[in-house]
Amino acid sequence: MRKVAEGVYRVPARAANTYLVEAPRGLVLVDSGLPGSENGILKAIAKLGKKPSDLKLVLLTHRHLDHIGSAAALKKRTGAKLASHPFEKPYAAGTLVIQAPGAWSLYGRIVRKLTTLGYWTLKLFRIIKFQTAHVDLAADEESVLEEVGLDGSVVWTPGHTKGSVTLFLNQSSVAIVGDLLRARRGRLVEPLLMESIPQTLASVKRVLDLGPQIICPGHGKPLPASTVRIKKRAAKPVILAKKKEEEEDLEELASGLF
Ligand SMILES: [Zn+2]
Ligand SMILES: [Zn+2]
């Protein structure tokens, strides 16, 4: 667990970051990691001197398994409410299965691999025993944060997925963005997969317009907002790139960074 700012902690979980935020009336967790991440998260809560029941809210930034995977287990063990954008709710409930995105910033070889992503997602769900979870609250309602007294806002930042959200904290000027941006070589860059490239670019702008000091991505370390670099190639759906870079991206894809 690493302190990001006053009252904000990065808790790396299985395959993705989660973030614990101290609020006046309890703790808020952003994202939950792959299934099996709950013990590590509960340990981090204990390190802050809190009880499992102090966790009041788990905010899911988006539908991907590396972010919703331990939501059901955490809900059971802490009694926390789950919140997500309404678009993501059926994916957490398991009634909709993630499809390969319709747009991408990737290269030819990865695109070919995407055609099998739907199948692999299904297989993954079975292999790692994903427990479906009922999302209690719509993250686009202001009351979600009011209940815990958190001074901030949940901002709709679609692009990586249609219902992706960002948690912006007013006091610390921290933006927790899920997979809207990812850390790479000391910079914050566009995600590997995007359902919509124009929406991703607009959402990045929306986040930057809030004036964050620090941006916390779903993968990699939190970085200053000044490190955001969106490559021009992200604006084009068909891309040719250098072989080396392509290999690296394939590696990242293979390591489960959806
Ligand atoms: Zn992710
Ligand atoms: Zn994702």
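Residues numbered from 1 in each chain as written. Chains lettered and ligands numbered in written order. Predicted model: local features only at pLDDT ≥ 70, side-chain atom pairs only at ≥ 80, totals over all residues. Heavy atoms only, no water.

Thoughts on the environment of Glu195
Piece 1. Here Glu195 shows up in the loop between strand 14 (193-194) and helix 8 (197-209).
Piece 2. At 3.1 Å, the side chain of Glu195 forms a polar contact with the side chain of Arg63. (Helix = DSSP H or I, 4+ residues; strand = E, 2+ residues; numbered from the N terminus. Polar contact = N/O pair within 3.5 Å; in protein donor to acceptor, adjacent residues only side chain to side chain.)

Details of the sheet that holds strand 2 (residues 8-12)
Piece 1. Pairing is mixed in the open sheet, where 7 strands are placed in the order 1-2-3-4-5-6-8. Each of the sheet's edge strands pairs with one partner strand only, and the pair in question is strand 1 (2-5) and strand 8 (137-138).
Piece 2. Both strand 4 (residues 26-30) and strand 5 (residues 55-59) contribute to a ladder of 4 bridges, which runs parallel. From the neighbouring strand, Val28 faces strand 5, where its bridge partner is Leu57. (Pairing = 2+ DSSP bridges.)

Details of the sheet that holds strand 15 (residues 214-217)
Piece 1. Across the sheet, 5 strands lie side by side as 9-10-11-15-16; this open sheet has mixed pairing. Whereas interior strands pair on both sides, the edge strands pair on one side only; in this sheet they are strand 9 (152-156) and strand 16 (223-224).

A short note on the coordination of the zinc ion (ligand 1)
Piece 1. Each protein donor to the zinc ion (ligand 1) is listed here as Asp66 (OD), His67 (NE2), Asp179 (OD) and His219 (NE2); together their distances run 2.1 to 2.3 Å.
Piece 2. Coordination geometry of the zinc ion (ligand 1): the 4 donor atoms subtend angles of 86 to 155 degrees at the metal centre, consistent with an arrangement described as irregular.
Piece 3. Between the zinc ion (ligand 1) and the zinc ion (ligand 2), a spacing of 3.5 Å is present, and a bridge between the two is formed by Asp179. Of the two residues, Asp66 is situated in helix 2 (residues 65-68) and Asp179 in the loop between strand 11 (174-178) and strand 12 (182-184); the sequence distance between them amounts to 113 residues. (Donors = N, O, S within 2.8 Å, 3.2 Å for Na, K, Ca; no water. Tetrahedral: all angles 85-135°; square planar, octahedral: opposite > 155°, others 65-115°.)

Details of the coordination of the zinc ion (ligand 2)
Piece 1. Taken together, His62 (NE2), His64 (ND1), His160 (NE2) and Asp179 (OD) make up the full set of protein donors to the zinc ion (ligand 2), lying 2.1 to 2.3 Å away.
Piece 2. Because the angles between the 4 donor atoms bound to the zinc ion (ligand 2) fall within 89 to 166 degrees, the donor set is best described as irregular.
Piece 3. Each donor residue of the zinc ion (ligand 2) lies on one chain, and together they are spaced H-x1-H-x95-H-x18-D.

Re unusual backbone geometry
Piece 1. Positive phi, close to 70 degrees, is recorded for Asp31, a residue that is not glycine.
Piece 2. Its place among the elements puts Asp31 in the loop between strand 4 and helix 1 (38-47).

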